Structure formats: C-alpha cells, structure tokens
Amino acid sequence: MWVNGCGAVVVDGCHPPPTLAVSPPKPPVTIKGTLVSAYGDTVCENQEVLQPTSTAEVAAAVKAYYKSNSPGNPVKIRVVTRSRGFNASDGYRQLGFHDRSGFACAKGGTSKTKTITLLTQNMRSVLGKNGVNVKVQPGMTVAELQVYATANNLTVPLGTMPGYADLTIGGLVATGAHGFGGKGNSNVADIVKVITFVDGTGKINRVGRNSRVGRGLAGGLGMLGVMTEITLQLQPGLGKARTWSTGARSDKNMAQELQDLWDKHSNMLIYWRPDIAQYKVVISEVVPSSTPFDPPFISTDLTPVGGFVKPGNDDSQQRTGQLITAVHLDVPTANFSKALCLGFGATILDANQFGWILGFKQGSGGVPEPVILDNATGLTNRVQNSDCDNPGTPQSGTGGCFFEPAAWERIHAKELAAMQTPDPTKLTPSFSFEEAEFTLNRKNLSAFIEDGKLMASKLLPGVCWPGSFFVMRTGGPTSDHIGPQFGSSSDRFLWVEYAQFRPNIPLDPTGQQAKPRLQKKASALQEYWEQLMVCKYKARPHWGKCWSRVFTSKACPIKDLYPASNWATQLSLQQQYDPAKLFETSMLSAVIEGGVEKPAELPFCTNELGCYCTKDSECGTTGVPIGPGPLCCQTAPTGMSPYKVCLPCTSS
C-alpha cells in the first residue's frame, strides 16, 4: 500500500526506493572501551565500540549482531557520536556525549549481555543537497550544519536549534530535543523530511518524517533502530535575526507579562531567579536580510564561543572554580558567600554580562570582544546558539570547555607545582553544570510561577540560590509518539530547566574516589522541583537532560505522562522493527515498566541525584550545612506540595 503514492517510504517524491546494497554480515571489528559523557555523569563500561562510516556499515554490523543474539547470550546496542578519549578520523575533538541518566549506555540484565556502542563520530558528512533540502549523517553537529548552511547560502530556520551548538543532529532528533520557537518551528525534527534508519534486523528503511514510523523515530530514543541519514529542509538565502532583552524585571507580575510577550513573540528565552524576585526575557525575531549587522562584526566566519559556559582561559576557569566553591561552602564567611551568590544572580540578569556569544567585535587595543546575544543583529545561523571554545576563535584560551578534563589537569598540575608540599586535597575543585528540564504546558504557567516563589520563600527562606537559576524556552507541539512535546495543535509548551553550578568535592578526602561528592548546597531545591514538575504538572522530562531518579521513580511514572495509545503504537513499532529488542536497554526498560523498585536504603544517593530521599542517611552532607546540624529527609513545609526532600534537621 502506498500513501501519497509512497506509503511509509518517501524517496525523491513518490517513487519506490532503489535496492540498497548491503555488505554481507560479518563479525564487526570492535575495540573494548569505556565511554564517558561530557560532564562525567554517565559512564558506559565494558563496551564493544564500533566506529562505522556509512549506512551500509551500520546495517552489516547490526545484521551480524542480530544473528548472534540469543537468550543465553543477549546483545544490546546503543549509539553515541563521541566520548572522552576517542578522536574522530579527522581529529575532531571529543568532549563527550550529553546524557545524564544512562539512556546512552548499552546495558542488559545479565553479565552475559554483549554491550555494543556504535560511535558515529566518523558519520558527520553532508551526503547531498537538492535545493534547500540537505541530507546529512547523524553525527553532524549543529555548529557544522550552520557553517555548511552559511557557506551554501542557506539558513537553518529560527527556533529549531538548541542553545548548545556541539550537539548532534541524530541525537537531537532521537531525544525530541528543542529550540525556542513558541509558535512555529520549535525543534530540529520540525525541519526533518526523510529519515534513513537501520532496524534491529539490519534492514535499511527510508521513511517520511511525519509517517507513523517517522513519529516513532523522532523523540523515540532509538527504540526502532539507528538513524544513519537525515534530510533537513532549510531556507534559501542568508537570513538575519535580531535579539533583544527586556533586562531585569521584578517577578511580581511575571506570569501575565510572559503571557503577553508570548502572544506577541514566538521565540523567547527566559532567565528567572525567584530568590531575588527578578527575571529577564531574551526575544529573537527574523528581520530583513538587508538589515545591517549591529554591532559590526570583525568576521562573520568565526565560530561563536559559549558565554558563561566557557571561561576565557585557565586562570579565569580556576577563579571560577574557587568562587563556586566559596558559594557552596560558605567560605571564608557566610556573608561573603552570600554576596558572591547575589552577584552571580545579578550577572545572569544583566544583558551586558551574561548570554550566548554570537560573534566578535573590535575591542579596545585591537583585542576582539564578544557580542552578547541579548542585544544584537546577526545571521540567523549564528543567533540561535553558541559553541564551546572551537579552535580558531579569538578566545580559545584553554582548548576546551569548563568540563573538559584536560583543562583541569593543567590547572591542578600548576597548583601542585606551586606548593612546597604537594597536597591534592587543597586543589581547586573542578565544577559541574547540573540541570534538569521538563515541558510545562502553557496553561500551567501561572501556577508554576507561584510554586517557584514558594520554593524561595518557604522551602529555604532567606537562602541565596547558589549558582542556580531557571531557564525557560518557548515551544510548540509535535505528534511524535513519545516525544516530550507531544500535544494537540492548540498546545504550547515552556521548556523549564533548573540549572546549578556545583563544585566537585569528593566525600573521600584522599581523592581516591571521585564520587559520591559532598552534597551540594540547597540540594532540596532541585529535589523538590523535579517531583513538582512530574507529579503535579505532569510535565514530561527531556530525555537527555534529566537524572536517573526522574525515570526510575515509581511514585509518578514517566510512562503515565503519555497517552496509553501512544505507548501501544511505539511498542508495536518496536516489535516490527526491533523484534529482539537489541536497542532496548535497562533505562528504557525502566521507563516502559513504569519505574523500578528502589532499594530499602541508598546512602548518599541524593548527593549524585540518584534518588529522592526516604531516609536521613540518603541525604549525605553538605560541606557546611544550611542552618545548624546535618540534613534530614523531611516533608516540604506546610503550604507546599508534600514531597520529601533533604532539609536541615532543625527545620520544622
């Protein structure tokens, strides 16, 4: 049966697809390895790593694994584009994949499981161009796509791309990841036309993005197979966009003010600090291509560098680590720590100090200075996001992002050399950026803002949120079966993210064990907020930016946030395309089964965001507890939702 003349297969209009040559199945050449995520939160151990370069190679490998799979010797396969310690054939720098909870790891339920990772770092090419339609491999990064588009007089539509440009097209489509378009395009999958994928038997399939199968691939977490070719519809010409900021505003009437702005503007990015009762909005809008750059750029060819994400050099990175540590440990004094914390909050809301960098202008003395996204006009291919210290940019001082181990190895080596008696316990702690994100339906915006204010006034009253803030992005609905933005045509969503900078201070003072770490200051904020989003607002989590406890908790199962019919469709497609469940690993199984039973006690599990506390021992300890005494597992104060969180034991 052919729908629109083509059925589920769409290739160059409505013609049946050509016969695709596939190499005969043979044992793939693999190397043993451990894969580590960008922030080090996810570690995939004992992996057989295969590095394919084409659809045919992926198909041959999967077919061989499918034939070798058996109940006694099961096979599990996952796909990532990069990992720490692996370099692509062209020298592409590896910063690690982005995953908080373990969806990226091939894991099974038995020690005999063969765990396979397809590392697609060598699948980053453009395979063809037909007008505005561009066929790419899944490992291509957003930055690479935008550079290609600019070089070929094309524009990536405003609102489709994420804020961080080092993410990959395949990963973004598979997780249903978002941009910031509140009325039109709002994620990468919105501009996808055709997907080629290898299913769990090794067969090559080509489907339309909006077909039943396409809606199972977009946001489908790789349940159906490996996407190997993705056709994107870009826009002709080099479009331009203007960004501007409201500046810091009181949050007294925040809900209504945001609703009014959303009615007028589609593409919004919102920063909010409930503890200081202020927020700001950054708005982006398309402008005529004749609009001049403002300010003039010294070079529009330079790849942008991330704003606060990327300190300028090792010295500034070291100072940032020292300041974040001081905020969390209340050193040298609590008053000094609070002043630093409040200063950080003010910086986030200052359009001249914090924001994505979209290019460079000529500064004093001939030194290039960054152009902050909050108030500028530039190429649409540049204003949607930024990257983290790409080589060749004026401020590539460290050769890496703040989370890259090599930078901290240099910093620590320098510190040890300066000590009369080297003491590893006195090194400046590296720091992490811990975040979690959910899709909030617009109809719940007002209630959510009131809950955010309660978090500041009642959960931890008088406490400055340490390196913490909310980031919100506008979004629209999709029809993807288990995509986080699934909804009707009238639905509008706000991606709400709680983010916090945290020092990595191990509980083991000898430094022999990196984890568990000291409990982060004000951990109750994130612990409460995650439960609030899932249990009260039924907000679906971002598949790539939430922690394992979000997906494994049985209190409010993530599976229940989607219509039962959606899961029935997705599981039916899984049975058709991955009958041996090669691509369903332990974390996926946990979601499908409605969570997993938590062990009776998991000491320090909240320290690493692995559980919601049920016992005091699970709260760990902060370096300097908020208030007198250690932390205890308590129900949130009266007037708030009754979730248990780690609070100072003296709290009522």
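For every chain, the first residue of the written sequence is number 1, and numbering continues from 1 along that sequence. This being a predicted model, a pLDDT of at least 70 is required before a residue's local features are given, and a value of 80 or more before pairs of side-chain atoms are given or counted; all residues contribute to the totals for chains, interfaces and linings. As a rule here, side-chain values come from all non-hydrogen atoms in the structure, and water together with hydrogens is ignored.

Let's talk about the state of the cysteines
Counting rule for disulfides: a pair of cysteine sulfur atoms within 2.5 Å. All told, the structure shown has seven disulfides when counted by the stated rule. In this model C535 forms its disulfide with C556; the gap between the sulfur atoms is 2.1 Å. Torsion about the S-S bond of the C535 and C556 cystine: about 115°, corresponding to right-handed handedness. Residue C535 is found in helix α11 (residues 523-536), and its partner C556 is found in the loop between α12 (548-552) and α13 (564-577); the two are separated by 21 residues along the sequence. In this structure C556 comes out as buried when scored by relative accessible area, which is 18%. What counts as a helix is a DSSP run of H or I of at least four residues, what counts as a strand is a run of E of at least two, and both are numbered from the N terminus. Buried, partly exposed and exposed residues are distinguished by accessible area as a fraction of the type maximum, computed with a 1.4 Å probe on protein chains only: under 20%, between the cut-offs, and over 50%, respectively.

Remarks on the environment of Q570
Relative to the helices and strands, Q570 is located in helix α13. Taking relative accessible area as the criterion, Q570 reaches 0% and is therefore assigned buried. Q570 sits 350 residues away from G220 along the chain, and the two C-alpha atoms are 8.0 Å apart. With residues up to four places along the chain from it excluded, the contact list for Q570 reads G216, G220, M223, L224, H481 and I482. Here G216 takes part through its backbone oxygen, which lies 3.1 Å from a polar atom of the side chain of Q570. Throughout, a residue-residue contact means that at least one pair of heavy atoms, one from each residue, lies within 4.5 Å. Under the rule applied, a polar contact is a pair of N or O atoms within 3.5 Å (in protein, one hydrogen donor and one hydrogen acceptor; residues adjacent in sequence only if both atoms are side-chain atoms).

Points about the sheet that holds strand β4 (residues 114-119)
One open sheet accounts for four strands, arranged β1-β2-β4-β3; its pairing is mixed. This sheet does not close on itself; its edge strands, each paired only once, are β1 (31-36) and β3 (75-80). Across the sheet, the axes of successive neighbouring strands diverge by a mean angle of 45°, strand direction being ignored. A fitted line through C-alpha atoms represents every axis, and for helices the fit uses only the stretch in contact; the resulting angles, taken between N-to-C directions, go from 0 to 180 degrees. Where helix α1 (residues 55-68) meets the sheet, it contacts β2 (43-50), β3 and β4, and its direction lies at approximately 175° from that of β4. In this description, strands pair whenever DSSP reports at least two bridges between them.

Quick look at the layout of surface pockets
Computed over the protein atoms alone on a 1 Å grid, cavities are sets of points where a 1.4 Å probe fits but cannot get out and pockets are open sets with protein on both sides within 12 Å along at least five of seven lines; a residue lines them when it has an atom within 4 Å of a point. Grid points are joined across faces, edges and corners, and a volume is the space filled by probe spheres set on the points. There is about 1,000 Å³ of room inside the largest pocket. Lining of the largest pocket is provided by 35 residues; of these, H412, S430, N504, P506 and A514 occupy positions nearest its centre. Elements that contribute at least two residues to the lining of the largest pocket include exactly α9 (405-418) and β19 (431-441). Of the residues forming the lining of the largest pocket, the biggest block, four residues, is contributed by α9. Basically, the charged four are Asp, Glu, Lys and Arg, the nonpolar ten are Ala, Val, Leu, Ile, Met, Phe, Trp, Tyr, Cys and Pro, and anything else, Gly included, counts as polar. Of the residues that constitute the lining of the largest pocket, the class distribution is 16 nonpolar, twelve polar and seven charged.

What about helix α7 (residues 334-348)?
In an α-helix, one turn spans 3.6 residues, which is why side chains three or four residues apart end up on the same side. With 15 residues, α7 ought to run about 21 Å at 1.5 Å a step, and its terminal C-alpha atoms sit 21 Å apart, in line with that. Of all the residues in α7, the buried ones are S337, C341, F344, G345, T347 and I348. The buried residues of α7 occupy an angular sector of 160° when projected down its axis, which confines them to one face. Packed against the buried residues of α7 are β14 (267-273), β15 (278-287), α6 (314-329), β20 (468-475) and β21 (493-503). Here the expected span of a helix is defined as 1.5 Å times the quantity of residues minus one. What the arc covers is the set of directions going from the helix axis to the C-beta atoms.

Considerations on the nonpolar core
We define a nonpolar core as any set of buried Ala, Val, Leu, Ile, Met, Phe, Trp, Tyr and Cys residues linked to one another through side-chain atoms lying within 4.5 Å. Counting residues in each nonpolar core, the largest one holds 119 residues, and the members touching the most others are I169, F448, L459 and W529. Sorting elements by how many residues they give to this core places α11 first, with eight residues. Sequence-distant contacts of I169, that is, excluding residues within four places in its chain, are made with V136, P138, M140, V142, L145, V188, I230 and L232. One finds V58, I77, L118 and L582 within the second-largest nonpolar core, a separate group that totals 16 residues.

Focus: unusual backbone geometry
In this structure, P332 follows V331 across a cis peptide bond, with omega equal to -5°. Looking at where P332 falls in the secondary structure, it is placed in the loop between α6 and α7. Cis rather than trans, the peptide bond between K515 and P516 has omega equal to 5°. Mapped onto the secondary structure, P516 falls in the loop between β21 and α11. For D330, which is not glycine, the phi dihedral falls at a positive 55°. Along the polypeptide, D330 turns up in the loop between α6 and α7.

A closer look at the confidence of the model for the chain
Values of pLDDT, ranging from 0 to 100, describe the predictor's confidence in every residue of the model. Summary statistics for the chain give a mean pLDDT of 85 and a share of 84% for residues scoring 70 or more. Within the model, the stretch residues 1-25 combines pLDDT values under 50 with 37 contacts to residues more than four positions away or in other chains. Counted against residues more than four places away or in other chains, residues 391-399, with its pLDDT under 50, gives 32 contacts.

So, the packing of aromatic side chains
The way to describe two aromatic rings as a pair is by their centre distance and the angle between their planes. We call Phe, Tyr and Trp rings a pair once their centres come within 6.5 Å, taking the six-membered ring for Trp, and we label the pair stacked below 30 degrees between planes, edge-to-face above 60, and tilted otherwise. Per the counting criterion, the structure on display carries 24 aromatic pairs. Ring geometry for W408 versus F431: centroids 5.8 Å apart, planes at 85°, classification edge-to-face. Of this pair, W408 sits in helix α9 while F431 is found in strand β19, placing the two residues 23 residues apart along the sequence. Residue classification places W408 among the buried residues on the basis of a relative accessible area of 6%.

Observations concerning the side chain of H178
Mapped onto the elements, H178 comes out in the loop between α3 (169-175) and β8 (192-199). By relative accessible area, which is 5% here, H178 ends up buried. In this structure the side chain of H178 is engaged in a polar contact, spanning 3.0 Å, whose partner is the side chain of E437. For H178, the residues in contact, after removing those within four places along its chain, are T160, M161, P162, S186, N187, E437, R473, Q485, W495 and H542.

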